[in-house]
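# Structural overview for review
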Amino acid sequence: MRNFVFISPHFPDSYWKFCMALKDHGFNVLGVGDAPYNEIPDNCKFALQEYYLCPFMENFDNERRALEYFANKYGPIEFIESNNEFWLPKDAKLRDCFNVKTSFSEEEVLFRMKKSNQKEFYKKAGVKTSRFIVSKNIDELKAFAKDVGYPIFAKPNTGVGAQGTKKIDNDVELENYVISIPAEIEYIFEEYVDGRLVSFDGITNSEGKVVFYTSHVFGVNTADVVNNSLDDMYYCVPHVDEKLKEIGIRSAEAFNMKRRFFHFEFFILNNDDDYLGKKGDIIPCEANLRVAGGYTPDIINFANSIDVYQLYADIMAYDENRQKMDYEKFYAVSSSRRNEFRYLHNEQEILEKYRNNVCFYGPFPRVLRDDMGDYFYCAKFKTLDEVIGFDNFVRAKENN
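Okay, so let's go over this structure.

Reading guide: rules and limits
- Throughout, residues of each chain are indexed from 1 in the direction in which the sequence is written.
- Since the coordinates come from a predicted model, pLDDT governs what is reported: local features require at least 70, and pairs of side-chain atoms require 80 or more to be given and counted, while whole-chain, interface and lining totals use all residues.
- Working from all heavy atoms in the structure, the side-chain values ignore hydrogens and water.
- Pairing between strands requires that DSSP locate at least two bridges from one strand to the other.
- Under the scheme used here, helices are H or I runs from DSSP no shorter than 4 residues and strands are E runs no shorter than 2 residues, and both carry numbers assigned from the N terminus.
- Comment: axis = line fitted to C-alpha atoms, over the contacting stretch for helices; angle = value between 0 and 180 degrees taken between N-to-C directions.
- We call two residues in contact when some of their heavy atoms are within 4.5 Å.
- Burial here depends on accessible area, computed with a 1.4 Å probe over protein chains only, as a share of the maximum for the residue type. Under 20% is buried, over 50% is exposed, and the range in between is partly exposed.
- Crossing chirality is assigned from the near helix's rotation relative to the far helix, an anticlockwise turn below a right angle marking it left-handed and a clockwise turn marking it right-handed.
- For salt bridges, the criterion is a side-chain nitrogen of Lys or Arg within 4 Å of an Asp or Glu carboxyl oxygen.
- Call a crossover right-handed when, viewed with both strands pointing away from you, the route from the first strand across the helix to the second goes clockwise.

## Overview of the sheet that holds strand E8 (residues 187-191)
A sheet is described by the order of its strands in space; here four strands give the open sequence E5-E8-E6-E7, paired in antiparallel fashion. Among the strands making up the open sheet, the edge pair consists of strand E5 (132-134) and strand E7 (166-168). Neighbour to neighbour, the strand axes of the sheet diverge by 25° on average, direction disregarded. Both E5 and E8 contribute to a ladder of three bridges, which runs antiparallel. Along E8, the bridge assignment pairs Ile133 with Phe189. Here helix H7 (residues 138-148) sits on the sheet and contacts E5, strand E6 (152-156) and E8; the angle it forms with E8, its principal contact strand, is near 20°.

Printed below as a string of structure tokens:
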């Protein structure tokens, strides 16, 4: 039986569905996580052949010993994955340690996770990128800002989410920001891109060919959500714009993504720009070597009338998409709330008004709340106007 080690199968709490799909496809699914066995969901327990509690997973030797145990008991390991940004480098280091060649090495992952290096992959794909500098030298940064013009945008060169990001409007803000950033973290400063944020999401086969793709539109910029504690909305579209599809597929091939989910973020320019291009042109924001976070896999399912968990297992087991792709497609939206806001409509009113549309709802895990909000409602509709109406109803505040 083929052995698949799934790292942290209990988090996010829907990722047991990956394990269940892999089990359905004949894999021996072995879990390594930091939660006690009695705290992981029953569905996750059922999907796993065995679970190894590793309470100090930040220590690589602890994970290595877990996999040595599995290898000695069950034989060679074919796959090691978490689909979780936090664990990607460790996944790759474990693959190197156990000679698992079905995905990126540690060196390949670390190189691709740096946002400055991602520019080179996008350029290889023929996609224009924003200008940038990796530095903490205030004179170099001021010269860069003078060249591209304020505002500029700062963020950690490696990392996920919008923590530590900032739009900087002048020299004084730049000086104060540089003083505040941690000395041990590398930062990238980019020219500011005035655009709507969209994503190109999908999965590739072992040859790096995209076998499924979709797209999301973000109503609120993630950096604004985090820095200003805003509520949020985003939606998965039923059909992907052809220009975005072309650029997204070229980008996935340039990154040499093999047997992986990807989540590429792009800006669509709101206005003409002397350097970046014309209104409507597509400019890369960043690339992620995993499925979009939180409950987005489920949102993709509702929009596309498929099961991406089974699709993932199709790729791992058969190296092809065996999902039926001609079912009706929808808009699937996630609208979030913040506990500190007072909303016009309560949950009962939302569920009553949209009882035929709401797919699921509930609190976000605490670790995701800065980026996504405290509580969410996911629903699907046939038209974008219905999406906007739903979001307006869910996020309407008493003081508006």
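## Focus: helix H4 (residues 88-97)
Within H4, burial applies to Leu88, Lys90, Asp91, Ala92, Leu94 and Arg95. Immediately downstream of H4, the backbone of Asn99 shows phi near 55°, a positive value.

## Some details on the packing of H7 against helix H8 (residues 171-180)
The description of two packed helices rests on the angle between their axes and on the distance between the axes. In contact at an axis separation of 11 Å, H7 and H8 are set at 145° when each is read in the N-to-C sense. Judged by the sense of rotation from one axis to the other, the crossing of H7 with H8 is right-handed. Along the contact surface, H7 presents Ile138, Leu141 and Lys142, while H8 presents Asp171, Leu174, Glu175 and Val178.

## What to know about the pattern of salt bridges
As enumerated under the stated definition, the model contains 27 salt bridges in all. Measuring nitrogen to oxygen at the nearest pair gives 3.6 Å for the salt bridge that ties Asp42 to Lys45. With Asp42 and Lys45 both in helix H2 (residues 42-47) and three residues apart, this pair spans about one turn of that helix. By relative accessible area, which is 59% here, Asp42 ends up exposed. A salt bridge links Glu398 to Arg342; the shortest N-O distance between them is 3.1 Å. Taken together, the positions of Glu398 in the segment after helix H15 (384-395) and Arg342 in the loop between strand E14 (331-337) and helix H13 (347-353) put the pair 56 residues apart, joining distant regions of the chain. Residues participating in the shared-partner salt-bridge network are Lys119, Lys155, Glu190 and Glu286.

## Side note on the sheet that holds strand E13 (residues 282-288)
Strands sit in the order E13-E12-E9-E10-E11-E14-E16-E15 across an open sheet of eight strands; the sheet is antiparallel. Since the sheet does not close on itself, it has two edges, and those belong to E13 and strand E15 (358-363), each with one partner. Taking the axes of each pair of neighbouring strands and ignoring which way they run, one obtains an average angle of 20° across the sheet. In this structure, E15 lies alongside strand E16 (residues 375-381), joined through five bridges in antiparallel fashion.

## A closer look at the pairing of strand E3 (residues 50-53)
Where a strand is regular, its side chains alternate between the two sheet faces. Of the strand pairs in this sheet, strand E2 (residues 28-33) and E3 are connected by four bridges, and their pairing is parallel. Note on E3: the bridge partner recorded for Val32 is Tyr52. Handedness of the crossover joining E2 and E3 through H2: right-handed.

## Brief notes about the environment of Leu244
Tracing the backbone shows Leu244 in helix H10 (residues 242-254). Once the C-alpha coordinates of Leu244 and Ile282 are considered, the two residues, 38 residues apart in sequence, prove to be 7.4 Å apart. Discounting chain neighbours no more than four positions away, the residues touching Leu244 are Val198, Ser199, Phe200, Ser215, Phe266 and Ile282.

## A few points about the pairing of strand E10 (residues 210-218)
The buried count for E10 comes to seven of nine residues, which makes it a mostly enclosed element. Examined bridge by bridge, strand E9 (residues 195-204) and E10 share seven bridges and lie antiparallel to one another. Across the sheet, the residue bridging to Asp201 is Thr214, located in E10. In textbook terms, the turn of a hairpin is the stretch between consecutive antiparallel strands, and for E9 and E10 this stretch comprises five residues, one of which, Gly208, has a positive phi near 80°. For E10 and strand E11 (residues 233-236), the ladder comprises three bridges, and the chain directions are antiparallel. Pairing of Phe218 across the sheet is with Tyr234, part of E11.

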